[in-house]
Amino acid sequence: MTPERLALLPLADLLPGQMKCVVVDGLPIGVANVDGQVYAFDDACRHEGGPLSSGVLINDTVTCPWHGWTYRLRSGKAVVPPVGIRIRVYPVVIIEGVICADVDWGDK
Ligand code: FES
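Residues numbered from 1 in each chain as written. Predicted model: local features only at pLDDT ≥ 70, side-chain atom pairs only at ≥ 80, totals over all residues.

**Q** Would you mind going over the overall build of the chain with me for this structure?
**A** In terms of helices and strands, the chain carries 0 helices and 10 strands. The order of α-helices and β-strands along the chain, N terminus first, is β-β-β-β-β-β-β-β-β-β. What you see for the chain is a C-alpha radius of gyration of 13 Å, in line with the 13 Å of a compact globule of 108 residues. Seen through its C-alpha atoms, the chain measures out along the principal axes to roughly 40 × 35 × 20 Å. (Helix = DSSP H or I, 4+ residues; strand = E, 2+ residues; numbered from the N terminus. Rg over C-alpha atoms; globule rule 2.2 N^0.38 Å.)

As structure tokens, this is what we get:
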């Protein structure tokens, strides 16, 4: 299935070290700026759905604000037990200063 390219927010609105949540068609997408590298990911923790973009960003990991599960943004993999759980991550492109993510909805 062909992914849909979604415009999320201007790059200028996401400073290095910041995370934000953008909701597209009911899908909360977290966006993080790690020293200029931008990541997009499901903004719902695999534990109980905590808002990851409200958590803590350290290097390329995000820690959930509710109970501390931590994921690597590059791969989506959890880095503390339960290792093997993962969140979806989305390819990011910057087009004319706008952060865009390619999302495969799977069921459209
Ligand atoms: S909801 Fe994220 S660690 Fe519990």
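**Q** It is not clear to me how the sheet that holds strand β6 (residues 61–63) should be interpreted in this structure. Could you clarify?
**A** Adjacent strands of a sheet form backbone hydrogen bonds with each other and so pair up, either parallel or antiparallel. The strand order β5-β6-β7 describes an open sheet built from 3 strands, whose pairing is antiparallel. The open sheet terminates on both sides in strands that have one partner only, identified here as β5 (56–58) and β7 (70–72). In this sheet, adjacent strand axes meet at a mean angle of 20° when their direction is disregarded. Examined bridge by bridge, β6 and β7 share 3 bridges and lie antiparallel to one another. Looking at the pairing, Thr61 lines up with Arg72 of β7. (Pairing = 2+ DSSP bridges. Axes fitted to C-alpha atoms, helices over the stretch in contact; angles between N-to-C directions.)

**Q** Explanation requested: the nonpolar core in the structure shown.
**A** It is characteristic of soluble globular proteins that their nonpolar side chains tend to be buried jointly. In this structure, Val31, Ala32, Ala40, Phe41 and Val62 are the most contacted members of the largest nonpolar core, which totals 23 residues. Elements with a contribution of two residues or more to this core: β3 (27–34), β4 (37–42) and β10 (98–103). Here Val62 is in contact with Met19, Ala32, Leu52, Gly55, Leu57, Thr70, Tyr71 and Leu73, once residues within four sequence places are set aside. (Core = buried A, V, L, I, M, F, W, Y, C linked by C-beta atoms within 7 Å. Buried ≥ 20, exposed ≤ 12 C-beta atoms within 10 Å, placed from the backbone. Contact = placed C-beta atoms within 7 Å.)

**Q** Honestly, the pairing of strand β2 (residues 19–24) in this entry has me stumped. Any pointers?
**A** Consecutive side chains along a regular strand alternate between the two faces of the sheet. The sheet contact formed by β2 and β3 spans 6 bridges and is antiparallel. Looking at β3, one finds that Lys20 is bridged to Val31. The loop that links β2 with its antiparallel partner β3 comprises 2 residues; one of these, Asp25, has a positive phi angle of about 50°.

**Q** So what exactly am I meant to see when it comes to the sheet that holds β4 here?
**A** The antiparallel open sheet is built from 4 strands, whose spatial order is β2-β3-β4-β8. Either end of the sheet is taken by a strand with one partner, and the two such strands are β2 and β8 (89–90). Note: β4 against β8, 2 bridges, orientation antiparallel. Opposite Ala40, over in β8, you have Tyr90 as the bridge partner.

**Q** Can you help me understand the pairing of β4 in this one?
**A** As defined by bridge partners, β3 adjoins β4 across 6 bridges and the pair is classed as antiparallel. Bridge pairing links Ile29 to Asp42 in β4.

**Q** What exactly am I supposed to notice about unusual backbone geometry here?
**A** One non-glycine residue, Asp25, lies in the positive phi region at around 50°. With respect to the helices and strands, the residue Asp25 is situated in the loop between β2 and β3. Residue Glu96 is not a glycine yet carries a positive backbone phi of 50°. Along the chain, Glu96 falls in the loop between β9 (92–95) and β10. Taking the number of C-beta atoms within 10 Å as the measure of exposure, Glu96 has 8 and is therefore exposed.

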